[in-house]
Amino acid sequence: VQLVESGGGLVQPGGSLRLSCAASGFTFSSYAMSWYRQAPGKERELVARITSGGSSTNYADSVKGRFTISRDNAKNTVYLQMNSLKPEDTAVYYCYGRIAGLTYWGQGTQVTVSS
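Quick summary incoming for the structure in this document. (Residues numbered from 1 in each chain as written. Predicted model: local features only at pLDDT ≥ 70, side-chain atom pairs only at ≥ 80, totals over all residues. Heavy atoms only, no water.)

### Let's talk about the nonpolar core
Applicable threshold: What we call a nonpolar core is a set of buried Ala, Val, Leu, Ile, Met, Phe, Trp, Tyr and Cys residues that are connected through their side-chain atoms within 4.5 Å. Each residue is placed in one exposure class: buried if its accessible area under a 1.4 Å probe, protein chains only, is under 20% of its type's maximum, exposed if it is over 50%, and partly exposed if it falls in between. Numbering of helices and strands runs from the N terminus; a helix is a DSSP stretch of H or I covering at least four residues, while a strand is a stretch of E covering at least two. Here, two residues are considered to be in contact whenever any of their heavy atoms come within 4.5 Å of each other.
Core analysis: the largest hydrophobic core is formed by 28 residues, its most contacted members being W35, V78, L80, M82 and Y93. Those elements that place two or more of their residues in this core are strand 3 (17-24), strand 4 (33-38), strand 5 (45-50), strand 7 (67-72), strand 8 (77-82), strand 9 (91-99) and strand 11 (109-113). Not counting the four nearest positions on each side in its chain, L80 is found in contact with L17, R18, L19, W35, V47, A48, F67, T68, I69 and Y93.

Spelled out as structure tokens, the structure:
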């Protein structure tokens, strides 16, 4: 199993970024996927989750209405569209999947929101 994130970077407050997580090594369309983030000095927290077919999503209260999780099962990729970014969104963002009873994390991608 491999999860590879991309799309992070430096953005000004109010800006947007789209993160991608390319998955391989398992039947992607059979598993829910999630995005987590970890800011300096803070615990890792769940940002958003999407079911295997993409019909249901959940979000942390702090990102509701600003972030959108989606997936393309034909491309084995899960996305996180982040709009109206705030400095407090600064963190390393991780792709996560629980596959056949085991947990897998991507390497993380840094998102920095600063003017």
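### What to know about the packing of aromatic side chains
Heads up, the rule is: A pair of aromatic rings is counted whenever rings of Phe, Tyr or Trp (Trp by its six-membered ring) have centres within 6.5 Å, and the orientation is called stacked for planes under 30 degrees apart, edge-to-face for over 60 and tilted otherwise.
A full pass over the atoms with the stated rule returns six aromatic pairs. Arranged with centres 6.2 Å apart and planes meeting at 55°, the rings of F26 and F28 form a pair that is tilted. Since its relative accessible area comes to 14%, F26 is described here as buried. Taking relative accessible area as the criterion, F28 reaches 2% and is therefore assigned buried. Centroid distance Y94 to W105: 6.2 Å. Interplanar angle 85°. Geometry classified as edge-to-face. Linking Y94 in strand 9 with W105 in strand 10 (residues 102-105), this pair joins segments that are 11 residues apart in sequence. Taking the relative accessible area as the measure of exposure, Y94 reaches 13% and is therefore buried. The rings of Y36, Y94, Y96 and W105 are connected pair by pair, giving a single aromatic cluster.

### A look at the environment of P13
Within the element layout of this structure, P13 appears in the loop between strand 2 (9-11) and strand 3. By relative accessible area, P13 is classed as partly exposed at 42%. Once the C-alpha coordinates of P13 and L85 are considered, the two residues, 72 residues apart in sequence, prove to be 5.4 Å apart. When sequence neighbours within four positions are dropped, the list of residues in contact with P13 reads L85, P87, V113, S114 and S115.

### Things to note about the state of the cysteines
Convention followed: When two cysteine sulfur atoms are found within 2.5 Å, that pair is recorded as a disulfide.
On inspection of all chains with the given rule, the structure shows one disulfide. The disulfide that involves C21 links it to C95, with 2.1 Å between the sulfurs. Taking the sign of the S-S torsion, about -80° here, the bridge from C21 to C95 comes out left-handed. Of this pair, C21 sits in strand 3 while C95 sits in strand 9; the two residues are 74 residues apart in sequence, bridging distant segments of the chain. C95 carries the same exposure label as C21, and that label is buried.

### Thoughts on the pairing of strand 3
We apply this condition: Strand pairing follows a simple DSSP-based rule, namely that at least 2 bridges must link the two strands.
With five bridges joining them, strand 1 (residues 2-6) and strand 3 adopt antiparallel strand pairing. Looking at strand 3, one finds that Q2 is bridged to S24. Sheet topology note: the strand 3/strand 8 ladder contains six bridges and is antiparallel. Bridging across to strand 8, R18 finds its partner in Q81.

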